[in-house]
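Listed below, chain by chain, are the residues.
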Amino acid sequence: MKKYEEYMTRQGISLEGHERLLKLKGKSSRTRKRNPWARYGVVAACAALLVGAWKVVPAWAAVPGQSVADSSQVSGSLQSGAAEPDPIQGGEAESALPRLNYGSQDGMSSDAASIALPEGSFIRDLTEGDLSALLGGEDILCTRLGWGDAAVSGYCIFTPEGKSWEVTLTGRHIAGGAEDFYAVLTLAPDTLPLPCAVSPADGVTLCWGVEVVGRRGGTYGEGANREVWLPESREVEFLAHGVGCRLTVYGREGEGELAETIASRFVRYMIADGGVDLDCLTVAPENIPAWRNASFDTLAQARQEADFAPYLPAAELEGYGEFYGSLSYQEGWENTLFVRWSRGYDDVEVCIYLGGLGKSCHLVDPDQPETYDLRRYPIPWCDSVPEVYRETVSDPTFRAEDMSLEIVEARGREHDTGGLRFSFEVLHPDGTVVSYQCSGLTAQQVWALVEETL
């Protein structure tokens, strides 16, 4: 175990690599290192995609006296017996809320799952109008589902035909500079939303004839210059009325009952009250973006893509027997060509973002080596790299005119198979970004790959 831990401590993934995972959703890493549940949709799919947030009607508060019935009361058919007042809704509850089985504490597994989006799929941020059409009113999240005045944002992944494939809504509430409420709701037509982690069915409750799987756990929320532990977390997933649902609600210490109330409200809304219709989210044919995917067996084939050829090596790498190349294009989203040479556990990867489309950068100044020089920081970087430099040390981008052998040398770090591993990006004058991830080469050999493109 000790050798395994030492090995994993030396591993790292660049932000460029993370972005590639996000784009695949298998291209998606929604989990955080200490988070057993998916964080921020597709993304946690994709915090960068969650733009255009809006506020729902303010009502965030604990819910005292909420009627939560034993599961036996709601199994099979909707109960119409006496119901207690519903504090959130402000009137009589339509029925008692189901008391759900969440299984054992921290029963969530964090085993990674591979998820691939349909070829040609695309993402659109949801507007307030989309949310209203989806839920039947702008205040549904507040008055019926209990999200209160959380800031809500969302997006939809569409099929190449413009139909909804998966919808993700995220709600956050910050009080006193710390996140005290966080929820992620994912919906998919005719099937359960695909997870980013394989998780057991800890607890199962029959609600109105539908099996509802419940889980519990915890995660880290955001705070002022620190992370905030949110231990009272509940997750439910089920399939009802042709819509697969997964809701995860995170709360602070002592807010488990509130998290369960919000989850139970959602279960009732989706099963007993009819839920949502995902058909309201469609994209007209004329607005579907063009796309193209291609793969290459040799560097020569990849170099036939004329726009990318100037940024590719002129010849195959000696000593590397396995080659893989791919092109991924989607109008307005990405235009990327990726090549990789492999030799055992050594890989040389070059990823070209034409025009910088779909790529964010962390530009650094060569005269400030503290922002990128790996030789200054021993592993683990979480202990040695100042927080202000973590993004640039992990994933620096250099302007093409600033590149030199000295910069390449500064980006070398020990590789497990011997030698060094290099990682950095180069921003060219036309906006194209080229990412280099190289192991098994010397600094001089890596510099040669870069120099011929300048």
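Structure: above.
These figures come from a predicted structure and were not determined experimentally.

**Let's talk about the overall build of the protein chain**
Check the secondary structure of the protein chain and you find 11 helices and 23 strands. In the structure as shown, the protein chain presents an accessible area of about 20300 Å², 49% of it carried by carbon and sulfur atoms.

**Quick look at the packing of aromatic side chains**
Enumeration over the complete set of coordinates arrives at seven aromatic pairs. Summarising the aromatic geometry, the rings of Y324 and F338 are spaced 6.3 Å apart at their centres and angled 55° between planes, so their arrangement reads as tilted. With Y324 in strand β17 (residues 322-330) and F338 in strand β18 (residues 334-343), this residue pair connects regions lying 14 residues apart in the sequence. Y324 sits in the partly exposed class, given a relative accessible area of 36%. Measuring from centroid to centroid gives 5.1 Å for Y372 and F398, while their planes differ by 85°, and the two rings are edge-to-face. Taken together, the positions of Y372 in the loop between β19 (346-353) and α8 (381-384) and F398 in strand β20 (residues 397-399) put the pair 26 residues apart, joining distant regions of the chain. When the ring centre of Y102 is taken as reference, the NZ or CZ atom of R234 above it lies at 5.7 Å. Taking the ring centre of Y320 as reference, the NZ or CZ of R343 above it sits at 4.2 Å.

**What about the pairing of β18?**
Most of β18 sits inside the fold, with eight of its 10 residues counted as buried. Both β17 and β18 contribute to a ladder of nine bridges, which runs antiparallel. Looking across to β18, one finds that G325 is bridged to V339. Between β17 and the antiparallel strand that follows it, β18, lie three residues; G332 among them carries a positive phi value of about 75°. As judged from the eight bridges shared by β18 and β19, these two strands associate in the antiparallel manner. Across the sheet, residue S342 finds its bridge partner in β19, namely D347.

**Section: the nonpolar core**
Membership of the largest hydrophobic core comes to 45 residues, with the highest contact counts inside it found for W147, L187, V236, F238 and F266. Per-element tally for this core: the top contributor is helix α6 (residues 256-271), with nine residues. When near neighbours in sequence (up to four residues on either side) are disregarded, V236 contacts L100, Y102, V212, V213, C245, R246, L247, A263, F266 and V267. Counting 37 residues, the second largest nonpolar core, distinct from the first, contains L299, V339, V434 and A443.

**Let's talk about the environment of P98**
Residue position: P98 is located in strand β5 (residues 97-98). Residues P98 and L206, 108 residues apart in the sequence, show an inter-C-alpha distance of 9.2 Å.

**Some words on the pattern of salt bridges**
If you walk through the whole model with that rule in mind, you get nine salt bridges. Of the charged contacts in the structure, one is a salt bridge between D273 and R144, with a shortest N-O distance of 2.5 Å. Taken as a pair, D273 in the loop between α6 and β16 (291-296) and R144 in the loop between α5 (140-143) and β8 (151-158) lie far apart in primary sequence, 129 residues in all.

**Digging into helix α4 (residues 128-135)**
The complete set of buried residues in α4 reads L131, L134 and L135. Each buried residue of α4 lies within a common arc of 80° when the element is viewed along its axis, so the set occupies one face. Where α4 terminates, the next one or two residues include G136, which has phi positive at roughly 90°.

Reading guide: rules and limits
- Residues numbered from 1 in each chain as written.
- Predicted model: local features only at pLDDT ≥ 70, side-chain atom pairs only at ≥ 80, totals over all residues.
- Heavy atoms only, no water.
- Helix = DSSP H or I, 4+ residues; strand = E, 2+ residues; numbered from the N terminus.
- Areas by Shrake-Rupley, 256 points an atom, 1.4 Å probe, with all protein chains shown as cover.
- Phe/Tyr/Trp six-rings, centres within 6.5 Å; stacked < 30°, edge-to-face > 60°.
- Buried < 20%, exposed > 50% of the residue type's maximum accessible area, 1.4 Å probe, protein only.
- Lys NZ or Arg CZ within 6 Å of the ring centre and 35° of its normal.
- Pairing = 2+ DSSP bridges.
- Core = buried A, V, L, I, M, F, W, Y, C linked by side-chain atoms within 4.5 Å.
- Contact = heavy atoms within 4.5 Å.
- Salt bridge = Lys/Arg side-chain N within 4 Å of Asp/Glu carboxyl O.
- Arc of directions from axis to C-beta.

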